[in-house]
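Coordinate analysis (summary)
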Amino acid sequence: MTQETAVIENTTQEAAAKKEWQPTILGILCNWCSYAGADLAGSARLHYPETIRIVRVPCSGRVDPMFVLKGFQKGFDAVIVLGCHPGDCHYAKGNYYARRRIALVKDLLKSLGIPEERFHFEWVSASEGNRFAELVTEMTEKIKKLGPFEGVTP
Amino acid sequence: MSDIENKIQEEAKKALEGGDVSVVIGWGAGSAPFKTTPVFIEKPEDADKLVWNPACVNNLAVYLPKLANDKKVGIVAKPCDIRSMIGLIQEKQIKRENLYIIGLGCAGVVDAFNLDSQDFHLQDVIGLDWTSDGLKVSTTNGDYTLSCSDCLRDMCLVCTKREPAIFDVKLGEAVQPSDIRESLIPELAEERKAYWSEQFSKCIRCYACRQVCPACYCKTCFADRVEPKWTAKKATAEEAWMFHATRMMHIAGRCIGCGECERICPVGIPVAELAREMAQAVKDTYGYEAGDPNQESPVLGQYKEEDFDPAHHGG
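Residues numbered from 1 in each chain as written. Chains lettered and ligands numbered in written order. Predicted model: local features only at pLDDT ≥ 70, side-chain atom pairs only at ≥ 80, totals over all residues. Heavy atoms only, no water.

1. Topic: the overall build of chain A
When you go through chain A residue by residue, the secondary structure sums to five helices and four strands. Listed N to C, the secondary structure of chain A is α-β-α-β-α-β-α-β-α in terms of helices and strands. Expressed along its principal axes, the backbone C-alpha trace of chain A runs to roughly 60 × 40 × 25 Å. Per-residue burial over chain A gives 49% buried out of 154 residues. The contacts of chain A with a sequence gap of at least 6 include a subset with a gap of at least 24, amounting to 80%. (Helix = DSSP H or I, 4+ residues; strand = E, 2+ residues; numbered from the N terminus. Buried < 20%, exposed > 50% of the residue type's maximum accessible area, 1.4 Å probe, protein only. Contact = heavy atoms within 4.5 Å.)

2. Examining unusual backbone geometry
Residue Pro228(B) is bonded to the preceding Glu227(B) through a cis peptide linkage, with omega at 0 degrees. By secondary structure assignment, the location of Pro228(B) is in the loop between helix H8 (208-211) and helix H9 (237-251). One non-glycine residue, Arg45(A), lies in positive phi territory at about 60 degrees. Looking at where Arg45(A) falls in the secondary structure, it is placed in the loop between helix H2 (34-43) and strand E2 (52-57). Residue classification places Arg45(A) among the exposed residues on the basis of a relative accessible area of 67%. Positive phi outside glycine occurs at Lys92(B), with the angle close to 60 degrees. One can find Lys92(B) in the loop between helix H3 (79-90) and strand E4 (99-104). Residue classification places Lys92(B) among the exposed residues on the basis of a relative accessible area of 71%.

3. Quick word on a positive patch on the surface
Taken together, the side chains of Lys74(A), Lys229(B), Lys233(B) and Lys234(B) define a basic patch exposed on the protein surface. Summarising the element assignment, Lys74(A) is placed in the loop between helix H3 (65-73) and strand E3 (78-83). (Patch = residues over 30% accessible without salt bridge, like charges linked within 9 Å, V, L, I, M, F, W, Y side chains within 5 Å. Areas by Shrake-Rupley, 256 points an atom, 1.4 Å probe, with all protein chains shown as cover. Salt bridge = Lys/Arg side-chain N within 4 Å of Asp/Glu carboxyl O. Lys, Arg positive; Asp, Glu negative; His and termini not counted. Charge placed at Lys NZ, Arg CZ, Asp CG, Glu CD.)

4. Structural notes on the sheet that holds E3(A)
Picture the strands of a sheet paired through backbone hydrogen bonds; they go either parallel or antiparallel. All names here are of chain A. Strand order in the open sheet made by the four strands is E2-E1-E3-E4, with parallel pairing throughout. Each having just a single partner strand, E2 and strand E4 (119-123) make up the two edges of the open sheet. When strand polarity is set aside, the average angle formed by the axes of neighbouring strands in this sheet is 20 degrees. Here six bridges tie strand E1 (residues 25-30) to E2, and the two strands are oriented parallel to one another. (Pairing = 2+ DSSP bridges. Axes fitted to C-alpha atoms, helices over the stretch in contact; angles between N-to-C directions.)

5. Description of the nonpolar core
By size, the foremost hydrophobic cluster in this structure holds 62 residues, and its most contacted members are Phe72(A), Leu112(A), Phe119(A) and Trp241(B). At the level of elements, E1, H3, E3, helix H4 (94-111) and E4 of chain A together with helix H7 (192-201), H9 and helix H11 (271-286) of chain B are the ones that each hand at least two residues to this core. Counting residues per element, this core draws most heavily on H9(B), at eight residues. Filtering out sequence-adjacent residues up to four positions away, Phe119(A) remains in contact with Val68(A), Phe72(A), Val79(A), Val81(A), Ile102(A), Val105(A), Lys106(A) and Leu109(A). (Core = buried A, V, L, I, M, F, W, Y, C linked by side-chain atoms within 4.5 Å.)

6. Some remarks on the interface of chain B and chain A
Of the residues lining the interface, 44 residues belong to chain B; the matching set on chain A comes to 39 residues. When chain B packs against chain A, the two sides together hide about 3,700 Å² of surface, and 65% of this comes from carbon and sulfur. The three residues of chain B that bury the most area against chain A are Lys193(B), Trp241(B) and Tyr303(B), which together make up 22% of that side's buried surface. For the pair chain B and chain A, the interface holds two salt bridges. Between chain B and chain A we count 16 residue pairs in polar contact (both at pLDDT 80 or more) in total. The set of elements that each furnish at least two residues to the side of chain B that touches chain A consists of H7, H9 and H11 of chain B. It is H9(B) that provides the largest number of residues to the side of chain B that touches chain A, a total of 10 residues. In terms of residue class, the side of chain B that touches chain A is made up of 22 nonpolar, 11 polar and 11 charged. (Buried area = accessible area lost by both parts, 1.4 Å probe. Polar contact = N/O pair within 3.5 Å; in protein donor to acceptor, adjacent residues only side chain to side chain. Nonpolar A, V, L, I, M, F, W, Y, C, P; charged D, E, K, R; others polar.)

7. Structural notes on the sheet that holds strand E6 (residues 134-139) of chain B
Residue and element names in this part refer to chain B. Spatially, E5-E6-E7 is the arrangement adopted by the three strands of the open sheet, whose pairing is antiparallel. The outermost strands of the open sheet, each flanked by one partner alone, are strand E5 (125-131) and strand E7 (142-146). Shown here is a sheet whose adjacent strand axes are inclined to one another by a mean of 20 degrees, direction ignored. Sheet analysis places E5 next to E6, joined by six bridges and oriented antiparallel. Residue pairing for E6: Val-125 is matched across the bridge by Thr-139.

Remember that the coordinates give geometry; whether it matters functionally is a separate question.
The following block contains the structure:
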């Protein structure tokens, strides 16, 4: 290691140590409601923690349970799935199918001992920008208290 | 029970002689008296190779998606095997009219590895049979009778469906063991993650659980896909977690609880325990049980507007 890189290394380490730990949250959002809701939060200049990494899907019915499992396996501190309210699906019934799948994902995570606080499922419409910002804030606070996710197989 | 064995052979012979059934799948004598092996009988004169005893463990429905697509297949089946077939019919993998089901009433089957811990050695066993008191084990040193809870497979002890749900011929009587246990699912609530972590660290990723599962008939399994790579090939606990968790999700509401995955596992991971929990969750939430001939589609292939809502209603 050269002197320069050592300096850089030390500086970044110091900076990291000073900075408070922030969780990384995987958000899987339906294009028609929840993603538009997140967009509204942005255009309304609402503040929320920069902890969420959003994956846009065409519908909550597109959310394969493997997306959630993979998120946890890859070490995200929490996973959020958001879709249109029942009855509001752009494709009429995608969110009804999603609802059954997500209910079973919750049961599976419980059986495998993944803390249920780390998984969150909610209906957020395109007009609920406020709710989206609130939700990310709440979730971030909750996960901060819980601490980093120690992995699926600690 | 040899009486029923004879009847099975007669029925298989009749079916093959009739001409429309091309093959009869059943159990044949295995390499030891406490083992059986799947056999595929194509000639009527070979029908006497079929056996029926407490060691007929294999769920033979696993062969059907490949065999019963374009021709009529006869199959000797326990009630649990038949529930697998009902699932395959509902999912349009096989046609009911392509099956000739020789359905058997069941008294449960034996976990051969549980026999060895008793008063005799497994290598001395010369025969197994059901009696009204339990399992009669004939050995070179005399006969022993074991209680059901000492020798039956776990899945048989929790099984309450011992009559074939659909069949063309029905043979034998269903027997409920007197010492049936309600459930074998351990209370692992706090230590679940550590427990499964330890179990999955044993996994060698041989995929035997998938191969033996009648519900795992996908032509390309997610585990074999390179793009997207859902789970890496290396045998770490974490990758095994991804494989098993996903498989559980794929068979949720479709698993009929035959327990073949657990029996076949070379390192003894109790995967069927997880599957049973999922099946229980499906039953509790949707009142749905896999392998019910009155259902039209799998639980995740249907919905009701008034379904349970897992969404968090924050505010």
